[in-house]
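These are the residues of each chain, in order.
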Amino acid sequence: MKDTDFNLAKNIKGTQTSKEKEAEIIIDEYDEEDDYEEQQSSSSYNQPNMKDQMTKFAFVIIGGIVIIVLLIIIVLSIMNRSYTYEEIEQIMVNAAESYFKKNPESLPTGTSSIEIDCGTLSAAGEMKPLEEYVPEGAICTGSVNVQHSNGTYLYTPKLNCGESYMTQELYRVVESNNKNTSNGYGLYNKAGNKVFRGEVVNNYVQLDFRVWRIVKITSTGEMVLITDEYPSYGLPWDDRYNNSVDYASGINTYSTSRIRESINEFLKYPEDTEEAELFLSDKDKARIVPFNLCTGKRSKNEQGSDNASECREVVRQQMVGLLTVSEYMSASTDTNCKTSVSAACQNYNYLVNGEEWWTATPVKENTYEAYSIDTDGEIKTKTVNNYSNLRPVIHLNSRTLYKSGDGSKENPYIVK
């Protein structure tokens, strides 16, 4: 072969090789582009799942932080919580109830009462030491009185924090709000008792079911209450056959009378019955204490309102009773109210309520009459087989605690 032919063939081969290389490069570039697109496509397909996972993870972290912060706040608030004095008193009562539930043999019996201090309750694990409840810097002492009454137990806290706070008995608040007076309307000292007198006096007390009026405060701090308006049906004072008049006129002896039986029935009703809704709740029954009811006979013309005749006879340990004629007379500030049949006794007398109701006092001159109060407040003598309403009287425990109110009709005293 000639050199020229050889060189020509060499050039052709070289030229083909160069083109083939170029083609290979182009093919490689296409392949790389396809790979890149596949990667991009794959990446774009997986990207939303990764974002969702990251978002969920972030929410979990944030949620965990929020929960931890809330727990810290709750713990700190519990550790640093400030209690009101009423809340502390309730803590004391709850602790005492829990203690005696575990130690029932230590509960009082009969009408007795016992005192348990907060130190004993704390040592028994029923409450924290008292200083952990009271405001910082306050120095307090506390105890709970437990009294058995009417088949239940009354728990009364006593918290003394000096000038900062002191648990108040209702009767002390009433005495403080009504200074003793010797004229006009108000609270009078009379035979060792403090008696409300006059037409307008702030002596309203709201118990669970009814509004009552304070008649007087005894020397021992018991409060004598009478229902303000008691919607009872009329009942005879007594309807038995009376030998002295030879017919069923009734007999005016309170201890064996129908009216005593009727008024004692009210304590037997459970509080969820219709009758009990008009009288006392179970808690109110625990607040009342027994008393000696004066039931002696009184002459129509006898003067005075000191219960001298009425208290010559008593029915002992009564939980519910009726007012005596003397007690009704004492509520009037009219100086002409001198005898049990004085018409003036209806004047300036807060006990006048537009209803007719029986007293506990029989007429001395015979065996068949007793005193009642008519609708305009005048004292009347009636044959005991006639009908009048009942207006129950109770004695409130001296430990009954004051919660609020000023004793007015619009804002009666409320007990704890």
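All of these numbers come straight from a predicted model, not from anything done at the bench. (Residues numbered from 1 in each chain as written. Predicted model: local features only at pLDDT ≥ 70, side-chain atom pairs only at ≥ 80, totals over all residues. Heavy atoms only, no water.)

Chemist: I would appreciate a short explanation of the sheet that holds strand 14 (residues 379-383) in the present structure.
Modeler: Within a sheet, each strand pairs with its neighbour through backbone hydrogen bonds, oriented either parallel or antiparallel. The strand order across the open sheet formed by three strands is 12-13-14, and the pairing between neighbours is antiparallel. Edge positions in the sheet fall to strand 12 (357-362) and strand 14, since each has one partner strand and no second. Mean inter-strand twist for the sheet, computed between neighbouring axes without regard to direction, equals 40°. (Pairing = 2+ DSSP bridges. Helix = DSSP H or I, 4+ residues; strand = E, 2+ residues; numbered from the N terminus. Axes fitted to C-alpha atoms, helices over the stretch in contact; angles between N-to-C directions.)

Chemist: Hey, could you run me through empty space enclosed by the protein in this one?
Modeler: This model, assessed by the stated rule, comprises one cavity of 30 Å³ or more. Estimated volume of the largest cavity: approximately 40 Å³. In terms of lining, the largest cavity is formed by E229, Y230, N353, E355, E356, W357, N389, L390 and R391. Class assignment of the residues belonging to the lining of the largest cavity gives a composition of three nonpolar, two polar and four charged. (1 Å grid on protein atoms, 1.4 Å probe; cavity = no way out; pocket = protein on both sides within 12 Å on 5 of 7 lines; lining within 4 Å. Points joined across faces, edges and corners; volume = space filled by probe spheres on them. Nonpolar A, V, L, I, M, F, W, Y, C, P; charged D, E, K, R; others polar.)

Chemist: Where do I start with the state of the cysteines in this structure?
Modeler: Two cysteines form a disulfide when their sulfur atoms are joined by a covalent bond. Evaluated as defined, the whole model comprises three disulfides. The disulfide that involves C140 links it to C161, with 2.0 Å between the sulfurs. One disulfide, between C140 and C161, carries an S-S torsion of 115° and so falls in the right-handed class. One end of the pair, C140, is in the loop between helix 3 (118-123) and strand 2 (141-149); the other, C161, is in the loop between strand 3 (152-160) and helix 4 (170-177), with 21 residues separating them in the sequence. A sulfur-sulfur distance of 1.9 Å marks the disulfide that ties C337 to C345. Handedness of the C337-C345 disulfide follows from its S-S torsion of about 90°: it is right-handed. By the burial criterion, C337 is buried, and C345 matches it. Here the disulfide map of the chain reads 1-2, 3-4, 5-6, the bonded cysteines being numbered as they appear in the sequence. As a non-bridged cysteine, C118 has C140 as the owner of its nearest cysteine sulfur, 9.6 Å distant. The class of C118 is buried, set by a relative accessible area of 4%. (Disulfide = S-S within 2.5 Å. Buried < 20%, exposed > 50% of the residue type's maximum accessible area, 1.4 Å probe, protein only.)

Chemist: What is the right way to look at the confidence of the model for the chain in this model?
Modeler: Any residue range with low pLDDT should be treated as having predicted coordinates unsuitable for detailed reading. Predicted confidence across the chain gives a mean pLDDT of 85, with 82% of residues reaching 70 or more. Across residues 1-20, where pLDDT falls below 50, the model places one contact with residues more than four positions away in sequence or in other chains. (pLDDT = per-residue confidence, 0-100. Contact = heavy atoms within 4.5 Å.)

Chemist: Looking at this structure, I do not really get a nonpolar patch on the surface. What am I missing?
Modeler: Taken together, the side chains of I61, I65 and V69 define a hydrophobic patch exposed on the protein surface, amounting to about 250 Å² of accessible area. With respect to the helices, strands and loops of the structure, V69 is situated in helix 1 (residues 3-79). (Patch = residues over 30% accessible without salt bridge, like charges linked within 9 Å, V, L, I, M, F, W, Y side chains within 5 Å. Areas by Shrake-Rupley, 256 points an atom, 1.4 Å probe, with all protein chains shown as cover. Salt bridge = Lys/Arg side-chain N within 4 Å of Asp/Glu carboxyl O.)

Chemist: What is the right way to look at the nonpolar core in this model?
Modeler: One broad trend across soluble globular proteins is that nonpolar side chains are buried collectively. One finds L170, I214, M223, L225, Y254 and I394 to be the most contacted residues of the largest nonpolar core, which totals 58 residues. Look past the residues within four positions of M223 in its chain and what remains in contact with it is L170, Y171, V174, I214, K216, I217, I394, H395 and L396. Y99, L130, A138 and V144 belong to the second largest nonpolar core, which has 25 residues in total. (Core = buried A, V, L, I, M, F, W, Y, C linked by side-chain atoms within 4.5 Å.)

Chemist: Mind showing me how you'd approach the pattern of salt bridges here?
Modeler: Opposite charge on two side chains lets them pair, provided their charged atoms get close. Scanning the entire structure with this criterion turns up 17 salt bridges. Across the pair K158 and E169 runs a salt bridge whose closest N-O atoms are separated by 3.1 Å. With a gap of eleven residues between them, K158 in strand 3 and E169 in the loop between strand 3 and helix 4 connect regions that are remote in the sequence. The exposure class of K158 is partly exposed, given its relative accessible area of 28%. We classify E169 as buried; its relative accessible area is 14%. If you follow the salt bridges from partner to partner, you end up with D238, D239, R240, R258 and E261 in one network.

Chemist: What am I meant to see in helix 4 here?
Modeler: What sets the pattern is the α-helix's 3.6 residues per turn: residues three or four places apart point alike. Every buried residue of helix 4 is listed here: L170, Y171, V173 and V174. In a view along the axis of helix 4, the buried residues occupy a sector of 160°, so they form one face of it. (Arc of directions from axis to C-beta.)

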